[in-house]
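# Structural overview for review
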Amino acid sequence: MNNSEKGLKQVSHLKAAVLGLQHLLAMYSGDIIVPLLIGAFLHFNAAQMTYLVSADIFMCGIATLLQLKRTPITGIGLPVVLGCAVQVITPLETIGGTLGVTYIYGAIICSGLFVFLISGLFSKLRRFFPPVVTGSLITIIGFSLVPVAVQDLGGGDASAKTFANAQNLTVGLVTMVVVLIINIFGKGFLRSISVLVGMIVGTGLAGAMGMISLSSVSSASWFKLPQPFYFGTPHFSWSAILTMILVSLTTMVESTGVFLALGDLTNRKLSSKELAKGYRAEGIAAMLGGIFNTFPYSTFSENVGVVQLSGIKTKRPIYYAGLFLLILGLLPKVGAFATVVPSSVLGGAMIVMFGMVGVQGIRILQQVDFNKNANLLIVAIAVGSGIGVTVYPQIFSSFPKSAQIILDNGIVVGGFMAVLLTILFSISGQIKLDKE
């Protein structure tokens, strides 16, 4: 019996259920933000938004259970919760806005298949993703999304007459202040759900100011199974597929960091074979996301903090979290509540959340030896190009549309530059990569 199994027997079902609820709450706001932002960008109606959120929550449960259960080819078998990765927001909006929603799901299915097929090879390449790469990548992911959050703070549509009016700014700033106050004065569990509490308070204030309508909640059904190809038969474009493959590679790098962090917490030294099983589970989850018209799924770094906080390092609470996600995903009325959250509330919460993601990247970069000029150049060029393209994507306006879908994404451009420069500097001998 290994340490994990011993710990599993020491956790009662009641305690595991409570801990599972905590895991769900810690990831909930971070997960539903993806369908809310993408659905709003694509101008989905209330019924479509309700389906998108509910199906997303349900598939989070499926993806989590796939990762928990170890099989001969899939499952990392660590206490992980899976959700939508924030780095997919910008590329999926670009694909959907340029080609249409059905091309989003064609690209997601293909990228999931790519992840599944490349998992064995990728698990042997982690030496090419040292902290200078992962830190740069996560910094870009966080800070490149901040402009989106600021636009939402003003109301979402910069061309609208109500953009940045007193109501939008008030509820957005109140949301942000609540999140900050809880993080300053709150402790433990309350602090872990600060974003969710902030969104609830902000939405309540918006409701009191007459900014929201609950008609979508009243019209939503109590029970509905996720439906394959709800938004139509998927279509395929090589540029959209390549974009999502590149984004998937960045997600795999981030997941590797989470796997290794949890391996340390649970005293498990992960082999390349085990990492490959973890990637394959995420690949299958992405393919299912494309089929059921949701999103790619990856391991949530937020839940590493929950494991550290609770001190419970077994999988039983995560099984409960997965079960709760499945139940919530089958109840569209629950999903409909999330769709009434105003854009300004989302913006206030997301400025904090995306900013913290960027700071997490900076923390990783603290491990980097910046006395070496090569490391300075890698971070400077990767972060500079990533943020630059995010702020001014028109720089590639003379390129073909298919190429713009790839190059307009700062996360993809910055991540590619970080990996390419790392390989080049290692070949020249200016930096040394760890051996497998």
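Residues numbered from 1 in each chain as written. Predicted model: local features only at pLDDT ≥ 70, side-chain atom pairs only at ≥ 80, totals over all residues. Heavy atoms only, no water.

Quick look at the overall build of the chain now. When helices and strands are tallied, the chain shows 19 helices and 2 strands. Taking all 436 residues of the chain together, the buried fraction comes to 56%. Pairs at least 24 residues apart make up 83% of the contacts formed inside the chain by residues separated by at least 6 positions. If you sum the accessible surface of the chain, you get close to 18300 Å²; carbon and sulfur atoms cover 66% of it. (Helix = DSSP H or I, 4+ residues; strand = E, 2+ residues; numbered from the N terminus. Buried < 20%, exposed > 50% of the residue type's maximum accessible area, 1.4 Å probe, protein only. Contact = heavy atoms within 4.5 Å. Areas by Shrake-Rupley, 256 points an atom, 1.4 Å probe, with all protein chains shown as cover.)

With that settled, consider helix α12 (residues 272-291). Here α12 spans 29 Å end to end across 20 residues, near enough to the 28 Å set by a 1.5 Å rise per residue. Counting buried residues in α12 gives 16 out of 20 residues, a clear majority hidden from the surface. Looking one or two residues beyond α12, the residue adopting positive phi is N293, at roughly 55°. (Expected span 1.5 Å × (residues − 1).)

This paragraph deals with the environment of A46. Along the chain, A46 turns up in helix α3 (residues 46-68). For the pair A46 and V217, spaced 171 residues apart in sequence, the C-alpha separation works out to 8.9 Å.

The terminal C-alpha atoms of helix α19 (residues 410-427) lie 26 Å apart, and with 18 residues this matches the ideal 26 Å at 1.5 Å per residue to within 8%. All of the buried residues along α19 are G410, I411, V412, V413, G414, G415, A418, L421, T422 and F425. Phi turns positive one or two residues past the end of α19, at G429, with a value near 85°.

Looking now at the pattern of salt bridges. Counting across every chain of the model gives 2 salt bridges. Note that E274 is salt-bridged to R70, the shortest N-O span being 3.7 Å. Taken together, the positions of E274 in helix α12 and R70 in the loop between α3 and β1 (82-84) put the pair 204 residues apart, joining distant regions of the chain. Since its relative accessible area comes to 18%, E274 is described here as buried. For R70, a relative accessible area of 38% gives the class partly exposed. Through salt bridges with shared partners, one network takes in R70, R268 and E274. (Salt bridge = Lys/Arg side-chain N within 4 Å of Asp/Glu carboxyl O.)

Another point: the layout of surface pockets. Computed from the structure, the second largest pocket encloses a volume of approximately 1100 Å³. Lining the second largest pocket are 38 residues, with L37, A40, F41, E93 and Q151 positioned closest to its centre. Among the elements of the structure, α2 (13-41), α3, α4 (89-98), α6 (131-153), α16 (343-365) and α17 (373-391) are those that each provide at least two residues to the lining of the second largest pocket. For the lining of the second largest pocket, a count of residues per class yields 17 nonpolar, 17 polar and 4 charged. (1 Å grid on protein atoms, 1.4 Å probe; cavity = no way out; pocket = protein on both sides within 12 Å on 5 of 7 lines; lining within 4 Å. Points joined across faces, edges and corners; volume = space filled by probe spheres on them. Nonpolar A, V, L, I, M, F, W, Y, C, P; charged D, E, K, R; others polar.)

Once that is clear, we can look at the nonpolar core. V34, I89, L92, Y297, M350 and F354 are the most contacted members of the largest nonpolar core, which has 96 residues in total. The biggest single contributor to this core is helix α11 (residues 238-265), with 11 residues. Once residues lying within four places of it in the same chain are set aside, the contact partners of I89 are V34, L37, I38, L145 and F354. (Core = buried A, V, L, I, M, F, W, Y, C linked by side-chain atoms within 4.5 Å.)

Within this structure, the stated rule accounts for 9 aromatic pairs. A centroid spacing of 6.2 Å and a plane angle of 5° characterise the contact between Y105 and F231, whose relative ring orientation is stacked. With a gap of 126 residues between them, Y105 in helix α5 (residues 101-122) and F231 in the loop between α10 (215-219) and α11 connect regions that are remote in the sequence. Per residue, the accessibility class of Y105 equals that of F231, and both read buried. Measuring from centroid to centroid gives 6.2 Å for Y320 and F324, while their planes differ by 45°, and the two rings are tilted. Pair noted here: Y320 and F324 are both in helix α14 (residues 316-329), with a separation of 4 residues, about one helical turn. Through a chain of ring-to-ring contacts, three or more aromatic side chains come together here, namely F44, Y51, Y105, Y230 and F231. For the cation-ring pair, K333 lies above W222, with the distance from its terminal atom to the ring centre recorded as 5.2 Å. (Phe/Tyr/Trp six-rings, centres within 6.5 Å; stacked < 30°, edge-to-face > 60°. Lys NZ or Arg CZ within 6 Å of the ring centre and 35° of its normal.)

This part covers a nonpolar patch on the surface. Taken together, the side chains of V177, L180, I181, I184 and F185 present a nonpolar region at the surface, about 510 Å² in accessible area. Inspection of the secondary structure assignment puts I181 in helix α7 (residues 166-185). Residue I181 is classed as partly exposed on the basis of its relative accessible area of 43%. (Patch = residues over 30% accessible without salt bridge, like charges linked within 9 Å, V, L, I, M, F, W, Y side chains within 5 Å.)

We now examine the environment of G202. Mapped onto the elements of the fold, G202 is located in helix α9 (residues 194-208). Looking at G202, the relative accessible area reads 0%, which means it is buried. Residues G202 and T175, spaced 27 residues apart in sequence, show a C-alpha to C-alpha distance of 4.8 Å. Among residues more than four places away in sequence, those in contact with G202 are V171, T175 and V345.

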